[in-house]
Amino acid sequence: MDEFMRLAIAEAWQGWQEGGIPIGSVLVRNGQVLGRGHNRRVQEGDPMKHAEIDCLMRAGRVGRYRDTVLYSTLMPCYLCAGAVVQFRIPKVIVGEARTFAGAEALMRQHGVEVINLDLPECVEMMEAFIRENPRLWDEDIGE
């Protein structure tokens, strides 16, 4: 596992420790972190504050995204995949998609390279969270 996915996992753990949903994200260009974030929906009472959106907001204006890579501990949902497509982020590296399939097909349809690492650490973290917080998880995914 590379250092950027480790940072995304650290963001996810931080979110869980704050009482939120453990999903983390990191935006990288040429081996440098431009931004990092985690799901803050619960903490900030903002339904739009998914991890990838938080990461992009914290990165700020970075100009073009065509040479960036977005890391996420969980397959991005349609909201976050839409941001990937909108900003033409060419590559998304994902920790897992077993607990949530997300919008992989949408990203691929728009030419995004999606790499699913299927990391046991990410799967176990989400499974534990979902077991402990099923109503909060359902709210996050719009169930």
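Everything below is about the structure printed above this text.
The following refers to the structure shown. By convention here, each chain's residues receive numbers from 1 onward along its written sequence. The predicted nature of this model means local features are confined to residues of pLDDT at least 70 and side-chain atom pairs, given and counted, to a pLDDT of 80 or more, with totals for whole chains, interfaces and linings taken over all residues. Hydrogens and water molecules were not included; the side-chain quantities draw on all heavy atoms of the structure.

### Remarks on helix α1 (residues 3–17)
Residue pairs spaced three or four apart in an α-helix point in one direction, given the helix's 3.6 residues per turn.
Line of reasoning, step 1. Taking 1.5 Å as the rise per residue, α1 with 15 residues should run 21 Å; its terminal C-alpha atoms sit 21 Å apart, in good agreement.
Line of reasoning, step 2. Looking at the buried side of α1, the elements it contacts are β1 (24–29), β2 (32–38), α2 (41–44), β3 (68–72), β4 (91–94) and α6 (120–132).
Line of reasoning, step 3. Here α1 starts with a cap whose side-chain oxygen sits 3.0 Å from the backbone nitrogen of Phe-4, and that cap is Asp-2.
Line of reasoning, step 4. For the purposes of this entry, the term helix denotes a DSSP run of H or I that reaches at least four residues, the term strand denotes a run of E that reaches at least two, and both are numbered from the N terminus. Taken from the residues just after α1, Gly-19 is the one with a positive phi, measuring 95°. Every helix has an expected span of 1.5 Å times one less than the residues it contains. Any pair of residues with heavy atoms lying within 4.5 Å of one another is described as a contacting pair. Distance and chemistry together define a polar contact, namely a pair of N or O atoms within 3.5 Å, with one atom able to donate a hydrogen and the other to accept it when in protein, and with adjacent residues in sequence counting only for side-chain atoms on both sides.

### Focus: the packing of aromatic side chains
Ring pairs (aromatic) are described by centroid distance and by the angle formed between their planes.
Line of reasoning, step 1. Ring pairs are drawn from Phe, Tyr and Trp, using the six-membered ring of Trp, whenever the two centres fall within 6.5 Å, and their geometry is named by plane angle: stacked under 30 degrees, edge-to-face over 60, tilted for the rest. In this structure the tally under the stated criterion is five aromatic pairs.
Line of reasoning, step 2. Where Trp-13 meets Trp-16, the ring centres are 5.4 Å apart and the plane angle is 15°; that geometry is what we call stacked. Taken together, the residues Trp-13 and Trp-16, both in helix α1 and three residues apart, mark about one turn of the helix.
Line of reasoning, step 3. In this scheme, a residue with accessible area under 20% of its type's maximum is buried, one over 50% is exposed, and one in between is partly exposed, where area comes from a 1.4 Å probe on protein chains only. On the basis of relative accessible area, Trp-13 is assigned to the partly exposed category, the value being 36%.
Line of reasoning, step 4. For the pair Phe-100 and Trp-137, a centre-to-centre distance of 5.9 Å together with 85° between the ring planes defines the contact as edge-to-face. With Phe-100 in the loop between β4 and α5 (104–109) and Trp-137 in helix α7 (residues 134–140), this residue pair connects regions lying 37 residues apart in the sequence.
Line of reasoning, step 5. Aromatic ring contacts, followed pair by pair, group Trp-13, Trp-16 and Phe-129 into a single cluster.

### Focus on the pairing of β3
Line of reasoning, step 1. With five of five residues buried, β3 lies mostly within the body of the structure.
Line of reasoning, step 2. Neither face of β3 is left uncovered, since the one carrying Thr-68, Leu-70 and Ser-72 and the one carrying Val-69 and Tyr-71 both have all their residues buried.
Line of reasoning, step 3. Where β1 lies against β3, five bridges are found, and the strand directions are antiparallel. Following the sheet pairing, Arg-29 is matched in β3 by Thr-68.
Line of reasoning, step 4. Crossover β3 to β4 through helix α4 (residues 78–86) is right-handed. Strands are labelled as partners when DSSP assigns at least two bridges between them. When the strands point away from the viewer and the connection leading from the first strand across the helix to the second strand turns clockwise, the crossover is called right-handed.

### Observations concerning the pairing of β2
Line of reasoning, step 1. Judged from the six bridges that link them, β1 and β2 form a sheet pairing that is antiparallel. Directly across from Val-28, in β2, lies its bridge partner Val-33.

### Here's the deal with the nonpolar core
Line of reasoning, step 1. To qualify as a nonpolar core, a set must consist of buried Ala, Val, Leu, Ile, Met, Phe, Trp, Tyr and Cys residues joined through side-chain atoms within 4.5 Å. The biggest cluster of nonpolar side chains holds 45 residues, and the ones touching the most others in it are Leu-27, Tyr-71, Met-107 and Trp-137.
Line of reasoning, step 2. Elements represented by at least two residues in this core include exactly α1, β1, α3 (51–59), β3, α4, β4 and α6.
Line of reasoning, step 3. Top element by residues in this core is α1. It accounts for six residues.
Line of reasoning, step 4. Sequence-distant contacts of Trp-137, that is, excluding residues within four places in its chain, are made with Ile-21, Ile-23, Leu-74, Thr-99, Phe-100, Met-126, Phe-129 and Ile-130.

### Looking at the environment of Phe-4
Line of reasoning, step 1. In this fold, Phe-4 is placed in helix α1.
Line of reasoning, step 2. Residue classification places Phe-4 among the buried residues on the basis of a relative accessible area of 9%.
Line of reasoning, step 3. Sequence separation between Phe-4 and Ser-25 is 21 residues; the distance between their C-alpha atoms is 8.9 Å.

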